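Survey of secondary and tertiary structure
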Amino acid sequence: IISIDNISEMYKAKNGNSRVLDQRYKKLVFVTIFTSIGVLILQVICCLCEIWEDRVSAVIWGSVIPSVLVGTPILISILKKGKVLFDKDIWKGTIAFNVVLIPYYMSITFLNQIDRVMIERFIDAAHAGYYSVAYRAASTINILTVALNQSLMPWVFQKLKANQENEIKKVSIFILISPFIISL
């Protein structure tokens, strides 16, 4: 399950820059928004419905299920398009490149979780759950804001190249205000 979750994250990372620059970003935006909002909604539903005995399991499954739903079709697509499943040279190069990233991603995961662990240890699990939901909501707003900004970047560069700064001013006010609107 973790591997499928990682595949959806790799898809977003791999296709993020190239898709935005050539304005083929709709799939990436859909994957990002569906996963982010899906995680948030499913975590709340799992905690409120008490499907699992402890809230930790509910939060974990609320995170995993949307990622698996997004990652599985991506995995199937990659496997269908690929000519071979295992190529020793490709795997060797990939592992050599990515093994140095393991400590980095472990530290990011640690830093993303330590605040909740401290709240749970010093206060209680309920407050840690509230914080987790609020943190996810803020992360979702951040993702939506970044997606909006990245989707408009090619347009901004086109307008700058054409010396049409007035068009950018009209849209930039919306971009500046949108995080506040979304957070309401």
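Our structure is the block above this text.
Residues numbered from 1 in each chain as written. Predicted model: local features only at pLDDT ≥ 70, side-chain atom pairs only at ≥ 80, totals over all residues. Heavy atoms only, no water.

1. Thoughts on the overall build of the chain
Scanning the chain from N- to C-terminus turns up 7 helices and 0 strands. Listing every helix and strand of the chain by position from the N terminus yields α-α-α-α-α-α-α. Residues classed as buried in the chain amount to 24% of the 184 residues present. Taking all contacts inside the chain whose residues are at least 6 apart in sequence as the whole, residues at least 24 apart take part in 55%. (Helix = DSSP H or I, 4+ residues; strand = E, 2+ residues; numbered from the N terminus. Buried < 20%, exposed > 50% of the residue type's maximum accessible area, 1.4 Å probe, protein only. Contact = heavy atoms within 4.5 Å.)

2. Examining unusual backbone geometry
With phi around 55 degrees, N163 is a residue other than glycine that occupies positive phi space. Structurally, the position occupied by N163 is in the loop between α6 (125–161) and α7 (165–183). For N163, a relative accessible area of 60% gives the class exposed.

3. Some remarks on the packing of helix α2 (residues 26–49) against α6
Each packed pair of helices is defined by two parameters, the angle between the axes and the distance between the axes. For the pair α2 and α6, interaxial distance at closest approach is 10 Å and the crossing angle is 165 degrees. Taken together, the axis directions place α2 and α6 in an arrangement best described as roughly antiparallel. Judged by the twist between their axes, the crossing of α2 over α6 is left-handed. The segment α2 lies against α6, with T32, I33, S36, I37, V39, L40, Q43 and V44 engaging V133, R136, A137, T140, I143 and L144. Partitioned by chemical class, the residues of the contact of α2 with α6 number 9 nonpolar, 4 polar and 1 charged. (Axes fitted to C-alpha atoms, helices over the stretch in contact; angles between N-to-C directions. Parallel < 35°, antiparallel > 145°, perpendicular 65-115°, else oblique. Left-handed = near helix turned anticlockwise from the far one by under 90°. Nonpolar A, V, L, I, M, F, W, Y, C, P; charged D, E, K, R; others polar.)

4. Focus: the side chain of R116
Looking at the secondary structure, you find R116 in helix α5 (residues 101–122). Within the buried core, R116 has no salt-bridge partner, and the shortest N-O distance to an opposite charge, that of D115, equals 4.0 Å. Beyond its immediate sequence surroundings of up to four residues, R116 is in contact with A128, Y131, S132 and Y135. (Lys, Arg positive; Asp, Glu negative; His and termini not counted. Salt bridge = Lys/Arg side-chain N within 4 Å of Asp/Glu carboxyl O.)

5. Structural notes on a nonpolar patch on the surface
Judged by side-chain polarity, L79, L85, F86, I90, W91, I95, V99, V100, I102 and M106 come together as a nonpolar surface patch covering roughly 1,100 Å² of accessible area. The set of elements that each furnish at least two residues to the nonpolar patch consists of α4 (88–98) and α5. Ranked by the residues each element gives to the nonpolar patch, the list is headed by α4, at 3 residues. For L85, the location among the structural elements is in the loop between α3 (55–81) and α4. The exposure class of L85 is exposed, given its relative accessible area of 67%. (Patch = residues over 30% accessible without salt bridge, like charges linked within 9 Å, V, L, I, M, F, W, Y side chains within 5 Å. Areas by Shrake-Rupley, 256 points an atom, 1.4 Å probe, with all protein chains shown as cover.)

6. Observations regarding the environment of I60
Along the polypeptide, I60 turns up in helix α3. On the basis of relative accessibility, which here comes to 46%, the residue I60 falls in the partly exposed class. C-alpha of I60 to C-alpha of V39: the two residues are 21 residues apart in sequence and 9.5 Å apart in space.

7. What about α3?
Between its first and last C-alpha, α3 extends 39 Å over 27 residues, near the 39 Å set by a 1.5 Å rise per residue. Of all the bends in α3, the largest measures some 30 degrees and sits at V68. Looking only at α3, the buried set comprises A58, G62, S63, V64, P66, S67, V70, G71 and I74. (Expected span 1.5 Å × (residues − 1). Bend = angle between axes of the 7 residues up to and from the residue.)

8. What to know about the packing of aromatic side chains
The tally for this structure, following the rule as stated, stands at 2 aromatic pairs. Taking 5.1 Å as the distance between ring centres and 65 degrees as the angle between the ring planes, the aromatic pair formed by Y104 and Y105 counts as edge-to-face. (Phe/Tyr/Trp six-rings, centres within 6.5 Å; stacked < 30°, edge-to-face > 60°.)

9. Concerning the environment of A126
Relative to the helices and strands, A126 resides in helix α6. Classification of A126 by relative accessible area gives partly exposed; the value is 28%. Taking the C-alpha atoms as reference points, A126 and R55, separated by 71 residues in sequence, lie 8.6 Å from one another.

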